[in-house]
Amino acid sequence: HVTARPARSLRRLLRFPGGAMSNVATKVSWSGREREAEGPGETTPLLNGTGAAPKPRQLMPSSSSSRLGHLSDVYLDEDSEQEMEAPCSLPHEIPHNEKLLSLKYESLDYDNCENQLFLEEERRNHTAFRTVEIRRWVICALIGIFTGLVACFIDILVERLAGLKYKVVKGNIDKFTETGGLSFSLLLWAALNAVVVMLGSMIVAFIEPVAAGSGIPQIKCYLNGVKIPHVVRLKTLVVKVCGVILSVVGGLAVGKEGPMIHSGSVIAAGISQGRSTSLKRDFKIFEYFRRDTEKRDFVSAGAAAGVSAAFGAPVGGVLFSLEEGASFWNQFLTWRIFFASMISTFTLNSILSIYHGNPWDLSSPGLINFGRFDTEKMGYTIQEIPIFIFMGVVGGILGALFNSLNYWLTMFRIRYIHRPCLQVLEAMLVGAVTAAVGFVMIYSSQDCQPLQGNRVTYPLQLFCADGEYNSMATAFFNTPEKSVVSLFHDPPGTYNPMTLGMFTLVYFFLACWTYGLTVSAGVFIPSLLIGAAWGRLFGISLSYITSGWIWADPGKYALMGAAAQLGGIVRMTLSLTVIMMEATGNVTYGFPIMLVLMTAKIVGDYFVEGLYDMHIQLQSVPFLHWEAPVTSHSLTAREVMSTPVTCLRRVEKVGTIVDILSDTSSNHNGFPVVESVPDGSQVGEAWHTLQAGAPIWAPLRHPSHELECPLGFRALSCTLGGTRWICSTSCAALEGGGV
C-alpha cells in the first residue's frame, strides 16, 4: 500500500535561505569516521562546505520522465575525472563544517496513507484490525520487560567485574604500601583500565560505530523524523550493552544510565517489527506495525522505558520522551508509554531484589538509587531561594564551559582522529590517564577520615593511620554511581574542602575529554558527580561564611549542585525535575530543583546550546526544531527548490523508476508524480506559478497534513518506486498537466 514521504530536499535546504549549495565534504559517521561498507574514497555531499566529489550525471528526458534542470543544492564544480584520480586511503584531515547539512540521511514517513489498497485490505481482514490496539499494549509490555532485563544484565555484570578489578588493585596497593613500590600498583591500575577500555572501544569502532556515545542524540533525531543508519539494529544493541559494561568497568568518567535510553529504543524497534535485519530472520508477527509511524511511536515507548529502568522514574521517562524526543504525541500514546515505563521499572526492581537477597523488597528501583533524603533535618527556608538560583547560574556557566570545550574537542576528533585504530588508541589513552590521575590524587591527598560508621565499599588506607581511610579514594576508587550516592548522604565532615575542590576540577576535564570517545557511554552520571562535588563544597563554604546563620547540610546542596550541573549540560527541565524527585523519593525539594534547572537552562542557552543539540549539529543532521528560523517566514519555494526536477507519471515503467533511483546524482528518494509530461515550456510555466505563492515552511512544519493546492490545481496520487510506493507532494494544474 501507499506511504507518504516528505520532501527530503526541502528538509535539507530549510536552514539555508539563500546562497549556492555547491561543494561537498567527506562523509563522517557518528563516531567521526568513514564507513568502509560504502567503499573507499566514497564521499557524501553536504549542502555547502569543502571537499571534492564527482559531478552528477543528468538523466536525459524521455517519454516517461523529464528533468527540468540540474540539482543546484549538490552542484559540483569538479569534473568526474577527478574522482578516478582521488586516493582510496583515508586523508590525514577531514574538512568539516558543523553548519552544513549532510545528504546521507533520509526522512521517515510521518503519517499513514489510507489509500484504496489499504482500505480494501482492512475490509478483508476486519477481525485482525480490531485487535490492533490490544497488540499495541502487548508490544509495550514486552518492551518494558526486555528493557528491564537488559538493565539487570548491565547492572549485575558491571557490579561483578568492577568489584573484581577494584579488589585486585586494592590488594596490590595495600601490599606495596607496606613494602614500597607503589609505582607497580599505578601501572597495574592503568594497564587494567587500558585493556578493558580497548576491548570496549574496538567492538564499537570496528563493528558498529553508531553505538558510540549515549545514543540520545541519535534517538532524538530518529523521533524527529530523520533516519539514522543502523541506529535501531540488533547488532547495535549488542555492541551498546557490551560496550557500556566495558567502559564503566574500565574506569572511564562515564555512566551506564544514558545508553539505556538507546538500548530501550532498539528493543522497541525490534519487537514492534517482528523481525531482525541483523539476524536476517522474519518471525511473521506484528506485520501490521511495519510502518515508520508505528515504529516511531514504539521507539518513543522504548526511550521512556530506558529512562525508567535507569533511574526508577516511570513518570520521568514519559516526560523525557515528550520533552526531548517525540515530534508527535497523543493521549493514547501517553498511556502506552507510561505502561511500558511502569513494566520496565517493575521488572528491573523485581529481579534485582531477588539478586540482592530481598525478594519481597521493591523499594529500590532503577540502576541508580540516590537514596532518601531526611526532610525533617534537611528542610529549606525562604532565605535559601536566592542561593539556589545562584547555584543554577553557576551550573549554567559550568555547563556552557563543558559544552564549549567538548565542541572543539569533537571537531578535532572528526578532522584528525577518524581512523578506527586511532580512535581505539585515544580511548586507551584516556583510560590509562584516568587511572593515573586518580592514583596521583589519592597518593597526594592527606584527607583521612575514621572508618567506623562509614559505608565505604573499597576503603584505601594508604598512608592514613589504622582505622582510617583516604577520603579522596571514595570518589576516585569507585564506580561513579556509588560516588554520587556517597556525596549525597555521607555525614558532614566526611570530605575536606580541598579534596572536593581538587576532585571537581580534575573530574570536570576528565569527563569533558571522555564524552565523544568511540565507546558506549553516557554523560548523566559524570555530570551529576561533578555537580554533587562542587555543590557539597558550596554547602560547606556557606556554613563557614555565614557562621551558622544558615545551616547548610552538605548533602542537600550536593543534590542542588548535581541538578544544576546536569541541567547546564543537557538543558532538560521538566523531565529532569521529575527524574530527580523520583530517584531521591522526595517531593519536598521539587521547587528548589525546578528553580535550579530553569536558571541553569536560561544561563546556559545564553552562551551555547545543549550538548545533545550540539552533537546533532556537528554530525550535520537535518534536524527540524520546533520553531522555524526567523528568515523562513518570508521564504518561498522558488528560492530554495532545485531545477531541473525528475518527474514521474502516474503509470510508470519499472525500469525507468529503477534507473532514476540508481542515479547517484539524485541524493534523495522523493519525486513529484504528474498526470503527463508536456513540453518544457508548459511545465516550467506551471512550476514557477506554484513556486511563487508557496511558502516553504507551511508543509514542512506539519508534514503529516494533507497538501493544500492553490486554486486551479489538484493533489496528485502515488506511483511505485523500486520496492515501495512514492507519494506526490506536489500539485498539478487541472489543465495542461504542469507541476
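These figures come from a predicted structure and were not determined experimentally. (Residues numbered from 1 in each chain as written. Predicted model: local features only at pLDDT ≥ 70, side-chain atom pairs only at ≥ 80, totals over all residues. Heavy atoms only, no water.)

The number of helices and strands found in the protein chain is 25 helices and twelve strands. Counting all 739 residues of the protein chain, 56% fall into the buried class. Within the protein chain, residue pairs in contact and separated by at least 24 positions form 80% of the contacts whose partners lie at least 6 positions apart. Of the roughly 31,000 Å² of accessible surface on the protein chain, 62% is carried by carbon and sulfur atoms. (Helix = DSSP H or I, 4+ residues; strand = E, 2+ residues; numbered from the N terminus. Buried < 20%, exposed > 50% of the residue type's maximum accessible area, 1.4 Å probe, protein only. Contact = heavy atoms within 4.5 Å. Areas by Shrake-Rupley, 256 points an atom, 1.4 Å probe, with all protein chains shown as cover.)

Moving on, we get to the packing of aromatic side chains. The final tally for this structure, using the stated rule, is 20 aromatic pairs. Three or more aromatic residues joined by ring pairs form one cluster here, namely Phe-286, Tyr-288, Phe-289 and Phe-298. A cation over an aromatic ring shows up here: Lys-165 above the ring of Tyr-166, its NZ or CZ 4.6 Å from the ring centre. Sitting above the plane of the Tyr-288 ring, Arg-291 keeps its charged end 4.3 Å from the centroid. (Phe/Tyr/Trp six-rings, centres within 6.5 Å; stacked < 30°, edge-to-face > 60°. Lys NZ or Arg CZ within 6 Å of the ring centre and 35° of its normal.)

Okay, helix H19 (residues 554-570) next. Across its 17 residues, H19 extends 24 Å between first and last C-alpha, which sits within 8% of the 24 Å expected from 1.5 Å per residue. Of all 17 residues in H19, 17 are buried, a share of seventy percent or more. At the C-terminal side of H19, Arg-571 shows a positive phi close to 60°. (Expected span 1.5 Å × (residues − 1).)

Glancing now at the packing of helix H18 (residues 524-546) against H19. At a closest axis distance of 6 Å, the pairing of H18 and H19 adopts a crossing angle of 135°. Taken together, the axis directions place H18 and H19 in an arrangement best described as oblique. Classified by chirality, the crossing of H19 by H18 is right-handed. Residue composition of the contact of H18 with H19, by class: 15 nonpolar, seven polar and one charged. (Axes fitted to C-alpha atoms, helices over the stretch in contact; angles between N-to-C directions. Parallel < 35°, antiparallel > 145°, perpendicular 65-115°, else oblique. Left-handed = near helix turned anticlockwise from the far one by under 90°. Nonpolar A, V, L, I, M, F, W, Y, C, P; charged D, E, K, R; others polar.)

Interaxial distance between helix H7 (residues 216-224) and helix H22 (residues 611-618) falls to 9 Å at its minimum, and their mutual angle equals 75°. It follows from the interaxial angle that H7 and H22 lie roughly perpendicular. Across from Ile-216, Pro-217, Lys-220 and Cys-221 in H7, the residues of H22 making contact are Tyr-612, Asp-613, His-615 and Ile-616. Classifying every residue of the contact of H7 with H22 gives five nonpolar, one polar and two charged.

This part takes up the state of the cysteines. Enumeration over the complete set of coordinates arrives at one disulfide. Sulfur-sulfur distance for the disulfide between Cys-448 and Cys-464 comes to 2.0 Å. Judged by the sign of its S-S torsion, about -80°, the bond between Cys-448 and Cys-464 is left-handed. Taken together, the residues span a long stretch of sequence, with Cys-448 in strand E5 (residues 448-450) and Cys-464 in the loop between E5 and strand E6 (468-470) at a distance of 16 residues. Under the relative-accessibility criterion, Cys-464 is labelled buried at 9%. (Disulfide = S-S within 2.5 Å.)

With that out of the way, let us pick up the confidence of the model for the protein chain. Mean pLDDT over the protein chain stands at 76; residues scoring 70 or higher make up 74%. Contacts for the low-pLDDT stretch residues 1-90, under 50 throughout, to residues beyond four places or in other chains number 257 contacts. Between residues 679-739, whose pLDDT stays under 50, and residues either more than four places distant or in other chains, the model counts 129 contacts. (pLDDT = per-residue confidence, 0-100.)

The next subject is unusual backbone geometry. The phi dihedral of His-230 is positive, around 65°, even though this residue is not glycine. Exposure remark for His-230: the relative accessible area of 24% places this residue in the partly exposed category. Of note, Arg-571 is a non-glycine position whose phi angle comes to about 60°, a positive value. Structurally, the position occupied by Arg-571 is in the loop between H19 and helix H20 (574-584). A residue is classified by how much of its surface remains accessible, and Arg-571, at 4% relative accessible area, is buried.

Turning next to the environment of Ala-564. Here Ala-564 lies in helix H19. Sequence-distant contacts of Ala-564, defined by excluding residues within four places in its chain, comprise Met-391, Gly-392, Gly-395, Gly-396, Trp-534, Val-596 and Ala-600.

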